[in-house]
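# Structural characterization, general
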Amino acid sequence: MTFRTLPPLSALRAFEAAARHRSAKLAAEELSVTATAISHQLRTLEDWLGVTLFLRKPRQLELTAAGRELMYASGNAFDMLAGTVARLRAVPERQTVTLSTTPAVAARWLLPHVGLLRAQHPALDLHIHVTHEPVALDGHSADVAIRYGSGRWPGLVAHKLFDNVFAPTCSPALKLVHTKDLARHGLLHFDASNAKSVPIGWSGWQKLANVRGLDASAGPVFSDETHTISAALAGQGVALMSRALIGDELRRGTLVCPFGPELHGEPFHLVYPEARRTDPAVQAVREWVMSLLPLLPV
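Summary of the structure given here. (Residues numbered from 1 in each chain as written. Predicted model: local features only at pLDDT ≥ 70, side-chain atom pairs only at ≥ 80, totals over all residues. Heavy atoms only, no water.)

## Thoughts on the overall build of the protein
How we decide: Helical segments are the DSSP runs of H or I of at least four residues, strand segments are the runs of E of at least two, and each set is numbered from the N terminus. Within these notes, the globule rule equals 2.2 Å times the number of residues to the 0.38 power, and the radius of gyration is based on C-alpha atoms. Partly exposed residues are those whose accessible area sits between 20% and 50% of the maximum for their type, while under 20% is buried and over 50% is exposed, using a 1.4 Å probe and protein chains only. Residues are treated as being in contact if the distance between any of their heavy atoms lies within 4.5 Å. Only four residue types enter the tally: Lys and Arg on the positive side, Asp and Glu on the negative side; His and the chain ends are excluded. Charged groups are reduced to one reference atom each: NZ for lysine, CZ for arginine, CG for aspartic acid, CD for glutamic acid.
Secondary structure summary: the protein contains ten helices and twelve strands in total. For the protein, the C-alpha radius of gyration of 34 Å lies well beyond 19 Å, the compact-globule estimate for 298 residues. The buried share of the protein, reckoned over its 298 residues, is 41%. Counting only contacts in the protein whose residues sit at least 6 apart along the sequence, the fraction spanning at least 24 positions is 75%. Between the centroid of the 30 positive side chains of the protein and the centroid of its 26 negative side chains there is a distance of 5 Å.

## Focus: helix α2 (residues 24-31)
Keep this limit in mind: Directions from the helix axis toward the C-beta atoms define the arc. Any N or O atom pair separated by 3.5 Å or less is treated as a polar contact, with the protein-specific requirement of one donor-capable and one acceptor-capable atom, and with residues adjacent in sequence counted only for side-chain atom pairs.
All of the buried residues along α2 are Ala24, Ala27, Ala28 and Leu31. When α2 is viewed along its axis, its buried side chains cluster within an angular range of 100° and face the same direction. Exposed residues pointing more than 90 degrees away from the buried face of α2 are listed as Lys25 and Glu29. Residues of α2 that are buried make contact with α1 (9-21), α3 (35-49) and β2 (61-63). If you check the start of α2, you find a side-chain oxygen 3.2 Å away from the backbone N of Lys25, and it comes from Ser23.

## Considering the sheet that holds strand β10 (residues 238-242)
Using the following cut-off: Two strands qualify as a pair provided that DSSP identifies no fewer than 2 bridges between them. Convention adopted: a line fitted to C-alpha atoms gives each axis, helices being fitted over their contacting stretch, and angles between N-to-C directions are expressed from 0 to 180 degrees.
One open sheet holds the five strands; their spatial order is β9-β8-β10-β7-β11, and the pairing between them is mixed. Since the sheet does not close on itself, it has two edges, and those belong to β9 (221-222) and β11 (263-264), each with one partner. Two strands pair when backbone bridges link them, and strand β7 (residues 165-169) and β11 are joined in this way by two bridges, in the antiparallel orientation. By the bridge assignment, Val165 is partnered in β11 with His264. Against the sheet, helix α7 (residues 202-209) touches β7, β8 (187-190), β10 and β11, its axis set at about 95° to β10.

## Things to note about the environment of Thr84
The topology assignment puts Thr84 in helix α4 (residues 65-90). The exposure class of Thr84 is partly exposed, given its relative accessible area of 30%. C-alpha of Thr84 to C-alpha of Gly265: the two residues are 181 residues apart in sequence and 56 Å apart in space.

## Observations concerning the pairing of strand β5 (residues 144-148)
Among the five residues that make up β5, five are buried, leaving the element largely enclosed by the rest of the structure. Residues Val144, Ile146 and Tyr148 line one face of β5 and the alternating positions Ala145 and Arg147 line the opposite face, and both faces are buried. Bridge count for strand β3 (residues 95-101) against β5 is two bridges, and the pairing is parallel. Considered in β5, the bridge of Ser100 is made with Ala145. Pairing geometry for β5 and strand β12 (residues 268-273), over four bridges, is antiparallel. Bridging across to β12, Ile146 finds its partner in Leu270.

The following block contains the structure:
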């Protein structure tokens, strides 16, 4: 192992600044110390080296031959060190946040706008975990979640995002106008077997609408809500859809909600542990999610 024999670095730094400025006063201003402190550091360095580095003149410091040699070497060394430090500081430490949510919320609302988060926080890697089951927000399974429910989860901070309002939805090509028209078209069903809430289904809607002569159990069943939306877009039937998740289609008119009544499911919330309320990475994801709320249908 090689041991370097170097003078005090504070003295070298004072010398390099004084040599560039040819002035103890200007070096002191650059390093935020007194001119007296600079002069003391220069004397310390000269004593350590056993050579004279400056000729002291009334208004200027003049480098000796030894001073010029040390100025060249120390200037290059500090320039190289400053460049390396700048490069290291320019590469921020990457952080990862896992956000757990339902497949439909991920696909229909979050994924089209992930670029906004990446642009604002380039050192933050977002992992999206999709499931209908509530996962542990322990920093391993997930850090943050978008869940539907009452909003009361012990130990968790909950921000209400949007109401989960379901309405009969279909392609305008089906030309539905009245509830009696449903009998002429197939019903599309969404039923996630691992969902923890009571599913919003056609049976409940039929009772609320007081519609008779409708087989509310007939028709294809999808375990992924996004597949149900795709089937509705293709004109394969009528689905009970969360209006918040088909905002783009409703605005474009590729899907319509021809009539009510509407069913109210449990609202969606953004949740994370109370202990991570001030975590910068969690705050970044929270701000990003909240910024997407205006994109939802009114």
